[in-house]
Amino acid sequence: MNEPIRPSDIPAPATPGDAAAMPDAATPTAAQAQQARAAARASGRLRVGSDLSGETALRCDVVVVGSGAGGAVTAAGLAEAGHDVLLLEEGGDHTRADFDLQEATAYPMLYQDRGARSTADMAMTVLQGRSVGGSTTVNWTTCYRTPERILANWRAHHGLEALTEAELAPHFSAVERRLSIGTWPESAANANNRRLLEGARKLGWQADSTRRNVRGCANSGYCGVGCPVDGKQAMHVTFVPDLLRAGGRLIADCRVETVEVDASGRARGVVASVLDRQTGKPSGATVRVEAKVVVLSAGAINTPAVLLRSGISDGPVGRRTFLHPVVGMAGEYDEKIQGFYGAPQSIASHQFIDRGERYGFFLEAVPVQPMLIAFASGQFGTPLRQLMGRLDHLSVLIGLLVDGLDPAEPAGHVELDAHGRVRLHYPLGPAHAEAFAAMHDSLARLHLAAGAGGVTSLHLDPVVVRSEADLPSLAAAPYGALEHGIFTAHQMGGAAMGRDPARSVVRPDHRHHRVEGLYVVDGSVLPSALGVNPSETIYGLAHRARGFVAEALR
Amino acid sequence: MKWTRRRLLGAGIGGSVLLALGGLAMRRSDATRPAPTTLVVLSPRAWQVLAAVADRVCPSGDGWPSADTIDVASRVDALLGRMHPATAAEIEQVLGLLDNALGGLLMDGRTSTFVDAGPEGQDAILRDWQTSRIALRRAGYKALSGLCASAYYADPRVFPKVGYPGPPNYGNVAPAPGGAG
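Think of each chain on its own: its residues are numbered from 1, step by step along the sequence as written. Chain A is the first chain written and ligand 1 is the first ligand written, with later ones labelled in order. With the structure being a predicted model, the display of local features is reserved for residues of pLDDT at least 70 and the display and counting of side-chain atom pairs for 80 or more, all residues being used for whole-chain, interface and lining totals. Water and hydrogen atoms play no part in the side-chain values, which are based on all heavy atoms of the structure.

### What about the sheet that holds strand β6 (residues 181-183) of chain A?
Between any two strands, pairing holds if DSSP finds at least two bridges. Think of it this way: any DSSP run of H or I at least four residues long counts as a helix, any run of E at least two long counts as a strand, and we number them from the N terminus. The sheet built from three strands is open, its strands ordered β5-β8-β6 (chain A) with antiparallel pairing. At either margin of the open sheet sits one strand with a lone partner, and together these are β5 (142-143) and β6 of chain A.

### Comments concerning the nonpolar core
Side-chain atoms within 4.5 Å are what join buried Ala, Val, Leu, Ile, Met, Phe, Trp, Tyr and Cys residues into a set we call a nonpolar core. Only protein chains enter the accessibility calculation, which uses a 1.4 Å probe; a residue whose area is less than 20% of its type maximum is buried, one above 50% is exposed, and one in between is partly exposed. With 190 residues, the main nonpolar core has V289 of chain A together with Y153 of chain B as its most contacted residues. No other element matches helix α8 (residues 135-153) of chain B, which puts twelve residues into this core. Ignoring any residue separated from it by four or fewer positions in sequence, one finds Y153 of chain B in contact with P370, M371, A374, L384, R385 and M388 of chain A together with C58, W64, V158, F159 and V162 of chain B. If you look at the next biggest cluster of nonpolar residues, it comprises 37 residues, including V62, L179, F239 and V293 of chain A. Every residue pair with non-hydrogen atoms within 4.5 Å of one another is taken to be in contact.

### Digging into the packing of aromatic side chains
Working definition: a ring pair exists when centres of Phe, Tyr or Trp rings (six-membered ring for Trp) sit within 6.5 Å. Plane angles under 30 degrees give stacked, over 60 give edge-to-face, the rest tilted. Enumeration over the complete set of coordinates arrives at eleven aromatic pairs over all chains. Each ring, one from Y341 of chain A and one from Y164 of chain B, has its centre 6.4 Å from the other, and the planes form 45°; the classification is tilted. Remark: Y164 of chain B occurs in the segment after α8 and Y341 of chain A occurs in the loop between β14 (326-332) and β15 (347-348); the pair is interchain, linking two chains. Aromatic pair W64 of chain B and Y153 of chain B: ring centres 6.1 Å apart, planes at 70°, arrangement edge-to-face. In this pair, W64 of chain B sits in the loop between α2 (44-57) and α3 (67-70) while Y153 of chain B sits in helix α8, placing the two residues 89 residues apart along the sequence. The exposure class assigned to Y153 of chain B is buried, which follows from its relative accessible area of 1%. Joined through ring pairs, the aromatic side chains of Y222, F340 and Y341 of chain A together with F159 and Y164 of chain B make up one cluster. Note that R178 of chain A overlies the ring of F239 of chain A, its terminal NZ or CZ placed 5.9 Å from the centroid. As a reminder, the over-ring test applies to NZ of lysine and CZ of arginine, requiring each to be within 6 Å of the ring centre and within 35 degrees of the ring normal.

### Quick word on α2 of chain B
Its 14 residues give α2 of chain B an end-to-end C-alpha distance of 20 Å, which sits within 8% of 20 Å, the value for a rise of 1.5 Å per residue. Within α2 of chain B, 13 of the 14 residues are buried, which leaves the element mostly enclosed by the surrounding structure. Expected span, for any helix, means 1.5 Å times one less than how many residues it has.

### Re helix α1 (residues 30-43) of chain A
Residues and elements named next belong to chain A. Helix length check: α1, at 14 residues, gives a terminal C-alpha distance of 20 Å against a target of 20 Å (1.5 Å per residue), a fit within 8%. Within α1, the full set of buried residues consists of A33, A36, R37 and A40. For α1, the arc enclosing every buried residue in end-on projection is 100°, short of the 170-degree limit, so these residues lie on one face. Those residues of α1 that are exposed and angled more than 90 degrees off the buried face are Q35 and A42. Summarising the contacts, the buried residues of α1 are in contact with β1 (46-47) and α7 (239-245). Taken from the residues just after α1, G44 is the one with a positive phi, measuring 85°. Along the arc lie the directions from the helix axis toward the C-beta atoms.

### Here's the deal with the pairing of strand β20 (residues 454-457) of chain A
Residues and elements named next belong to chain A. Pairing geometry for β14 and β20, over four bridges, is antiparallel. Each bridged residue has a counterpart across the sheet, and for M329 the counterpart in β20 is S457. Looking at chain direction, β20 and strand β21 (residues 464-465) are connected through two bridges and run antiparallel. Counted as the bridge partner of T456 is V464 from β21. Here β20 folds back onto β21 in antiparallel fashion, the turn holding six residues.

Structure below.
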């Protein structure tokens, strides 16, 4: 094994370029967050699975199910407003002390289904977080406010007239301050992102630096396996400690099975299984929570699953699930790229975001780390070894398809199987294939413009493009399910907000259309995909939803 | 054609029946790896098939460590032990289908189990599954090759071969072996 490189060997830490988003002096630091956690642990307000046995009965004002972008923001705000808040998280309570930066540790520890979540037909790999902080613990930090054209779509088609840029602005400003969301300077982009920028500039395509939720970022490149320096302002170092500091409680390794609804149609609490951290299986201990209000924030796949398990299946529960389906291409360069180091996403191109009637898409980069790339390649034996043997010379760029803007589009759906497992289905049709082909064409052109000697697709039977003359063979390749690698890191929809109970699950104020005292605050309320990375939209909507939930507690 | 997980499962059960028939029809050689006695979820035979797959997904030579050295099959077994039991059962069934001699004879004209097919024969079978017109086979290939490639390429002993110096040391406390999860 090589000597570990020194942090000084990777690109120098950068200062955020957007000073306006810097946190003020009152914003707690990572060290203060650790103190809040330690105090909560000592006082029993932060508990994990191994702390619990038998049946535990708890009472609170509001129980929040899931500690990701939706749940943590909601829970912290309600606790700070003086309410008695209990936050339940099915994943473990992992902090940077657990993050050894090895993919072999991180994916089983921090991702859903031990990193092996996929659509039921295995055609799409699903990257989704599962620990305190949810997907924010492992996401690649890219933050955007919800684009106005998406809000306009929601106002026009989903009865969300209140959702304007002006309405959301104060909520976005608040979370941007707390999470230190600012523009990552172009000068700090790693070589992988730089290929995206250079390729786009040569082609005359739009491309820009992204905004990131970081404070004291070391530019390490390990966002996806748990930030080693608490530079990423993920929920487990921000809003979760805020909750604990305000007197709220957190139980990790605690999977909510059902929402309890009484005869009058009012949510009364939840029933949860305590999980054994090692095996992931129920330990036998249970938690029963009696609450005035239940907030589901388990994400776009697990929130519909909880509703379905609870028999709260009226309306389109688990329907219209959006995934921003992802395809990628690997460009091989003469020079070293070392895309395993440096902020994994810092440049994006929205050149093809609007393609009229066809699916639009946007272009970003990924961390070029060995397990992720070996898995994504779909190859075996000598071809896999040849690709991986050049890992440090590879740039891997991706396209993300924007689904769900057509209100009639079925998109994906979530259901439970006979084993009680959540199953995600995402039928792919000719319109997806057309967009996937266009995304591949764009990615190949980007790499060629940036100087790649060869560009390899992730088809099971890969296509290699060495010049524009090879593009027709890429266009002729198959783009159906299980013919090429397809991924998703953005799960949205499945319990949409809207005015019409036949077409949505919760009202514009996040309250369930029928069940009193039940709210959904997470990515599942989005009535379409976003065309940008979703984390900040969820933070912002959750910040706004605090007020609606608080009203129900009056 | 769409293949749901349930259809995969159904085919897997059929495959297990075929596997049993295949076992009656063809004598297996004994020249397979002895399965460890500490398996978490996989049967010894399924582990042997998986180890044979791992050896072809991540072959040794030219300084690359072997999949056996990295203990890929047992790592995958341990991972499956931490997943939903139905998921582990499906992987077991896919391994049965892949190994199945009678099924291979009927569909591809091959006369040996996967384990006994030899390196070139095994590569040909994997290639058949990778590019098969049957989505079930492509899904099976993707699951098995993905699990093996992930376990292998995540191992620090492989990092020098891919030009990856490994993560820098930020002074984080590494969890005890098996202590994370």
